[in-house]
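Fold and geometry: a report
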Amino acid sequence: MPSTQDLVKKYIEDNVVMVFSKSYCPYCKKVKEALSKAYPNFTAIELDQLPDGSDIQATLLELSGQRTVPNIYIKGNHLGGCDDLLKAVDSGKLTEMLS
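Residues numbered from 1 in each chain as written. Predicted model: local features only at pLDDT ≥ 70, side-chain atom pairs only at ≥ 80, totals over all residues. Heavy atoms only, no water.

In the annotation of an unreviewed UniProt entry, the entry for the protein reads Glutaredoxin, and the organism field reads Basidiobolus ranarum.

The structure is reproduced here in structure tokens:
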């Protein structure tokens with residue numbers, strides 16, 4: 001059985017745009033709406049709906065220094081949270097990162 005850290009790293013490596021989210025979080029909803037327009041092929045997992053969600057969130061803190069959700073990775077690189085993604089969309093940085 002893979003460790004939580006191995007699982008999180010696999011999610012990040014296997015998905016061009018990876019969002020660690022919680023289904024009830026308004027910032028996560030904003031991010032998913034923005035990505036639906038900018039890059040509809042993103043992957044999101046809802047940590048509040050997984051039995052090991054809190055372990056995944058603790059691992060994200062170790063990897064990125066960010067405990068809060070949404071926690072967003074683009075092509076394996078940590079982008080940040082909601083404000084970071086919205087700025088990247090508005091400035092064109094997200095398109096650059098994806099090309």
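1. Comments concerning the environment of glycine 81
As for its placement among the helices and strands, glycine 81 is situated in the loop between β4 (77-80) and α4 (82-91). Judged by relative accessible area, which is 11%, glycine 81 ranks as buried. Once the C-alpha coordinates of glycine 81 and tyrosine 27 are considered, the two residues, 54 residues apart in sequence, prove to be 8.3 Å apart. Apart from the residues lying within four places of it in its own chain, the contact partners of glycine 81 are Gln66, Pro70 and Ile72. (Helix = DSSP H or I, 4+ residues; strand = E, 2+ residues; numbered from the N terminus. Buried < 20%, exposed > 50% of the residue type's maximum accessible area, 1.4 Å probe, protein only. Contact = heavy atoms within 4.5 Å.)

2. Thoughts on the side chain of asparagine 71
Inspection of the secondary structure assignment puts asparagine 71 in strand β3 (residues 71-74). Assessed through its relative accessible area of 0%, asparagine 71 is described here as buried. With residues up to four places along the chain from it excluded, the contact list for asparagine 71 reads Met18, Val19, Phe20, Leu60, Ser64, Gln66, His78 and Gly80.

3. Points about the pairing of β4
Pairing of β3 with β4 involves three bridges; the strand directions are antiparallel. Considered in β4, the bridge of isoleucine 72 is made with glycine 80. Linking β3 back to β4 in an antiparallel pair, the connection comprises two residues, with lysine 75 at a positive phi of about 50 degrees. (Pairing = 2+ DSSP bridges.)

4. Side note on the pattern of salt bridges
One pass over the full model with this rule turns up two salt bridges. Notably, a salt bridge pairs aspartate 14 with lysine 10, separated by 2.6 Å at the nearest N-O pair. Residue aspartate 14 and its partner lysine 10 are both found in helix α1 (residues 4-14); the two are separated by four residues, about one turn of the helix. Lysine 10 gets classed as partly exposed once you look at its relative accessible area, which sits at 49%. Of the charged contacts in the structure, one is a salt bridge between glutamate 46 and lysine 32, with a shortest N-O distance of 2.8 Å. Linking glutamate 46 in strand β2 (residues 43-46) with lysine 32 in helix α2 (residues 26-38), this pair joins segments that are 14 residues apart in sequence. With respect to burial, glutamate 46 and lysine 32 carry one shared label: buried. (Salt bridge = Lys/Arg side-chain N within 4 Å of Asp/Glu carboxyl O.)

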